[in-house]
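# Inside the fold
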Amino acid sequence: NAGVTQTPKFRILKIGQSMTLQCTQDMNHNYMYWYRQDPGMGLKLIYYSVGAGITDKGEVPNGYNVSRSTTEDFPLRLELAAPSQTSVYFCASSYERGRKETQYFGPGTRLLVL
Amino acid sequence: AQKVTQAQTEISVVEKEDVTLDCVYETRDTTYYLFWYKQPPSGELVFLIRRNSFDEQNEISGRYSWNFQKSTSSFNFTITASQVVDSAVYFCALTLTGNQFYFGTGTSLTVIP
């Protein structure tokens, strides 16, 4: 299994540009998440999904959109990029077995908005 | 209000020492989950554990152990016989039903060989 993959690894955007961060998992997990991590900080949840066709907002959804048309893919769309969106973006997926949950993270996408 | 406090910003230990990372949380909800994550210098994120609020049983996984005490609202993480590979930033997090996540600011652990 490749686990959770993210593309691109790094991107520079100009203010006002748009882009899609790709996230794919091959573990058939229902739960998927998008987080951002600003320098020296912990994670903030942007959006999450509990299954194909179902998405919901996290703590910081403004300026982002997501879709979940398949179990495997959970792309994050940035519209009208702003310098405040400069961050590292992590995608994750998880499953529950009994009372235990296990999460897997992608390697992250570093985004710089200038 | 929900809050996670990791009061230890940085900790340095000599290899083979035991080290405990503190995590104190605040919530009025009775149902919640607590997490620990590891972020090595490479920047990747590694999930370590999830504990739900109804399960106060302590857990051990190899050299790692977690002590959950609702009476003190703490979920502390101990590494026994630390190794250089344990050097990382460790984050504690709290989630409630509805998937609202609250992360601590992290504790940077350096294990000196």
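Anything mentioned here points back to the structure above.
Residues numbered from 1 in each chain as written. Chains lettered and ligands numbered in written order. Predicted model: local features only at pLDDT ≥ 70, side-chain atom pairs only at ≥ 80, totals over all residues. Heavy atoms only, no water.

### A look at the packing of aromatic side chains
Residue and element names in this part refer to chain B. What counts is decided by this rule: Ring geometry is summarised as follows: Phe, Tyr and Trp rings, the Trp one being its six-membered ring, pair when their centres sit within 6.5 Å, and such pairs are stacked at plane angles under 30 degrees, edge-to-face over 60 and tilted between the two. Starting at the N terminus, helices and strands are each numbered in turn, a helix being any DSSP run of H or I of at least four residues and a strand any DSSP run of E of at least two. Categorising residues by exposure relies on relative accessible area from a 1.4 Å probe, with only protein chains included: less than 20% of the type maximum marks a residue as buried, more than 50% marks it as exposed, and the intermediate range marks it as partly exposed.
Scanning the model with the defined rule gives 22 aromatic pairs over all chains in all. Here the aromatic rings of Tyr37 and Phe47 are separated by 6.1 Å at their centres, their planes lie at 65 degrees, and the arrangement is edge-to-face. Pair noted here: Tyr37 is in strand S5 (residues 32–39) and Phe47 is in strand S6 (residues 46–52), with a separation of 10 residues, a long-range link. We classify Phe47 as buried; its relative accessible area is 13%.

### Topic: the interface of chain A and chain B
Definition in use: By definition in these notes, contact holds between two residues if any of their heavy atoms fall within 4.5 Å. By definition here, a salt bridge exists when the distance from a side-chain nitrogen of Lys or Arg to a carboxyl oxygen of Asp or Glu is within 4 Å. Definition of a polar contact: a pair of N or O atoms within 3.5 Å, with one able to donate and the other able to accept a hydrogen when the atoms are protein atoms, and with sequence-neighbouring residues admitted only if both atoms are side-chain atoms.
Between chain A and chain B, the contact holds 20 residues from the first and 20 residues from the second. Linking chain A to chain B there are 2 salt bridges. Measuring nitrogen to oxygen at the nearest pair gives 3.3 Å for the salt bridge that ties A:Glu96 to B:Arg50. Joining chain A to chain B, the criterion identifies 4 residue pairs in polar contact (both at pLDDT 80 or more). If you list the elements that add at least two residues to the side of chain A that touches chain B, you get strand S4 (31–37), strand S5 (43–51), strand S9 (87–97) and strand S10 (100–105) of chain A. It is S10(A) that contributes the most residues to the side of chain A that touches chain B, 5 residues altogether.

### So, a nonpolar patch on the surface
All names here are of chain A. Inclusion rule: What makes a patch is a set of residues exposed beyond 30% relative accessible area and free of salt bridges, joined within 9 Å when like-charged and within 5 Å when nonpolar (Val, Leu, Ile, Met, Phe, Trp, Tyr). Surface exposure here means Shrake-Rupley accessible area, sampled with a 1.4 Å probe, where a residue is shielded only by the protein chains that are shown.
A cluster of nonpolar residues, Phe10, Ile12 and Leu114, forms a patch on the protein surface that exposes about 320 Å² of accessible area. By the secondary structure assignment, Ile12 is in strand S2 (residues 10–13). Exposure remark for Ile12: the relative accessible area of 45% places this residue in the partly exposed category.

### Considering the nonpolar core
How we decide: Here, the term nonpolar core denotes a set of buried Ala, Val, Leu, Ile, Met, Phe, Trp, Tyr and Cys residues that are joined through side-chain atoms within 4.5 Å.
Formed by 25 residues in total, the largest nonpolar core has its most connected members in B:Trp36, B:Trp66, B:Phe77, B:Tyr90 and B:Leu109. For this core, the secondary-structure elements that each account for two or more residues are strand S2 (10–14), strand S3 (19–21), S5, S6, strand S8 (64–69), strand S9 (74–79), strand S10 (88–96) and strand S12 (107–112) of chain B. Here the element with the most residues in this core is S10(B); it accounts for 5 residues. Not counting the four nearest positions on each side in its chain, B:Tyr90 is found in contact with B:Gln6, B:Leu21, B:Trp36, B:Tyr37, B:Lys38, B:Leu48, B:Tyr64, B:Phe77, B:Ile79, B:Gly106, B:Thr107 and B:Leu109. Counting residues in hydrophobic clusters, the runner-up holds 20 residues, among them A:Val4, A:Cys23, A:Val66 and A:Ala81.

### Structural notes on the state of the cysteines
Residues and elements named next belong to chain A. Note the threshold: The disulfide criterion is simple: two cysteine sulfur atoms within 2.5 Å.
Per the counting criterion, the structure on display carries 2 disulfides over all chains. The disulfide bridge from Cys23 ends at Cys91, spanning 1.8 Å between sulfur atoms. Judged by the sign of its S-S torsion, about -70 degrees, the cystine formed by Cys23 and Cys91 is left-handed. In this pair, Cys23 is assigned in strand S3 (residues 19–25) and Cys91 in strand S9, connecting sequence segments 68 residues apart. The residues Cys23 and Cys91 share a single accessibility class, namely buried.

### Quick notes on the environment of A:Tyr31
Residue and element names in this part refer to chain A. Within the fold, Tyr31 resides in strand S4. With 58 residues separating them along the chain, Tyr31 and Tyr89 place their C-alpha atoms 17 Å apart. The contact partners of Tyr31, leaving out residues within four places of it in the chain, are Ser49, Val50, Ala92, Ser93, Ser94 and Glu96.

Structural measurements only, silent on function.
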